[in-house]
Amino acid sequence: MTARLDIEYDGTDFFGWAVQPEVRTVQGEVERALAIIARRPLRLTVAGRTDRGVHATGQVASHDGVPVRAHQLNAILPRDVRIVASAPAPEGFDARHDAVARAYEYRLLTRRTASALHHRHELHFSRPLHEPALHACAAALPGSHDFRAFTPTETDHKSFRRHVHRAGWSRDGDHLTFAIEGNAFMRNMVRALVGTMLDVALGRRDIGSFVALLDGAHRREAGTTAPPHGLTLVGVRY
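Residues numbered from 1 in each chain as written. Predicted model: local features only at pLDDT ≥ 70, side-chain atom pairs only at ≥ 80, totals over all residues. Heavy atoms only, no water.

Going by the annotation in an unreviewed UniProt entry, the name recorded for the protein chain is tRNA pseudouridine synthase A, with Paraconexibacter antarcticus given as the source organism. UniProt annotates the protein chain under Sequence similarities (unreviewed entry) with the comment "Belongs to the tRNA pseudouridine synthase TruA family." Under the UniProt heading Subunit (unreviewed entry), the note attached to the protein chain is "Homodimer." (UniProt positions renumbered as here; feature names shortened; annotations may be inferred.)

Chemist: Could you give an account of helix α4 (residues 189–201), with specific residues and numbers?
Modeler: In this model, α4 (13 residues) spans 18 Å end to end at C-alpha, consistent with the 18 Å of a helix rising 1.5 Å per residue. Among the 13 residues of α4, 13 are classified as buried, and the element is accordingly described as predominantly covered. (Helix = DSSP H or I, 4+ residues; strand = E, 2+ residues; numbered from the N terminus. Expected span 1.5 Å × (residues − 1). Buried < 20%, exposed > 50% of the residue type's maximum accessible area, 1.4 Å probe, protein only.)

Chemist: Account for the pairing of strand β1 (residues 2–9), naming residues and giving values.
Modeler: As defined by bridge partners, β1 adjoins strand β3 (residues 55–64) across 7 bridges and the pair is classed as antiparallel. By the bridge assignment, Thr2 is partnered in β3 with Asp64. For β1 and strand β4 (residues 81–89), the ladder comprises 8 bridges, and the chain directions are antiparallel. Note on β4: the bridge partner recorded for Leu5 is Ser86. (Pairing = 2+ DSSP bridges.)

Chemist: Give a description of the pattern of salt bridges that names residues and reports values.
Modeler: Going through the model one piece at a time under the given rule, you end up with 11 salt bridges. The partner of Arg191 in a salt bridge is Asp51, and the shortest N-O contact between them spans 3.2 Å. With Arg191 in helix α4 and Asp51 in the loop between β2 (45–46) and β3, this residue pair connects regions lying 140 residues apart in the sequence. One salt bridge in this structure joins Glu181 and Arg166, with 3.9 Å as the shortest N-O distance. (Salt bridge = Lys/Arg side-chain N within 4 Å of Asp/Glu carboxyl O.)

Chemist: Residues and numbers for the UniProt feature "active site" (unreviewed entry) in the protein chain, please.
Modeler: Sites flagged by UniProt as "active site" (unreviewed entry) map to Asp51. For Asp51, a relative accessible area of 21% puts it in the partly exposed group.

Chemist: Any details on the side chain of His145? Residues and values, ideally.
Modeler: Counting through the fold element by element, His145 comes out in strand β7 (residues 143–146). Using a relative accessible area of 14% as the deciding quantity, one classes His145 as buried. A distance of 3.1 Å separates a polar atom in the side chain of His145 from the backbone oxygen of Leu141. Here His145 is in contact with Ala140, Phe160, Arg161, Arg162 and Leu214, once residues within four sequence places are set aside. (Polar contact = N/O pair within 3.5 Å; in protein donor to acceptor, adjacent residues only side chain to side chain. Contact = heavy atoms within 4.5 Å.)

Chemist: Please give an account of the nonpolar core that cites residues and values.
Modeler: In terms of nonpolar packing, the biggest core is built from 57 residues, with Phe150 and Phe178 touching the most fellow members. In this view, Phe178 contacts Tyr104, Glu105, Tyr106, Ala138, Leu141, Ala167, Gly168, Trp169, Val190, Val194 and Met197; residues no more than four positions away in its chain are not counted. Ala47, Ala89, Phe93 and Ala95 belong to the second largest nonpolar core, which has 7 residues in total. (Core = buried A, V, L, I, M, F, W, Y, C linked by side-chain atoms within 4.5 Å.)

Chemist: Pulling in residues and values, what's your account of the pairing of strand β9 (residues 175–182)?
Modeler: Of all 8 residues in β9, 8 are buried, a share of seventy percent or more. As defined by bridge partners, strand β5 (residues 101–109) adjoins β9 across 8 bridges and the pair is classed as antiparallel. Each bridged residue has a counterpart across the sheet, and for Glu105 the counterpart in β9 is Ala179. Note that strand β8 (residues 161–172) and β9 share 8 bridges and pair antiparallel. Its bridge partner being in β9, Trp169 is matched across the sheet by Phe178. Taking the residues that link successive antiparallel strands as the turn, the β8-β9 hairpin has 2 residues, and the phi of Gly173 there is positive, at about 65 degrees.

Chemist: Give a description of the UniProt feature "binding site: substrate" (unreviewed entry) in the protein chain that names residues and reports values.
Modeler: In the numbering used here, UniProt assigns the feature "binding site: substrate" (unreviewed entry) to Tyr104. Relative to the helices and strands, Tyr104 is located in strand β5. On the basis of relative accessible area, Tyr104 is assigned to the buried category, the value being 7%. With residues near it in sequence (within four places) discarded, Tyr104 still touches Arg49, Thr50, Phe178, Ala179, Ile180, Phe185, Val190, Leu231, Thr232, Leu233 and Val234.

If you want it as structure tokens, here you go:
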């Protein structure tokens, strides 16, 4: 039997889905809780790995065996990790390999004063931005591109080509949100895209140079990586 877990977490104090056993991770916390209740080790497969400080409202994981009730897991888990649902899945369901798309959002607060309530989940960015430039950059992203300019040079990736299904910026009052959905993402990819688009919106580079980066440019040619706390994994599609 196979089980599916829908998970949300506040990534501020986490190292994402790290593999180092001595580091506190979301994966380690959930596996620890599963082992206590199931009375045997259960290994998670996760739909999308997140960097330290990145949040999730739509993370999905799978494990072999009978589902463990969500409320039992939540009674053991720290407050910044919650199992939203734990249910049977089709036999052999794999949260990572069966996923056809992942969706992320990066949130900016653009007013002069930072938020006292939400500062851990959005980037405070008070400098004036040329928003049409942000929209033009996002419009260039859908389709298949070589995104090696937007992931660290030291990497285990063999292929840097990813397919973006949709991408766009939207404003709601003082907030600007970048939403992107693609078949898969590399380490830091969304954050590096955001950082580079902000450079364009600040007039530090032009839109043409941004578009040229999508043809497999070196990482040093792109902009800085935006901080992790503005990024949230919002959904996985199967």
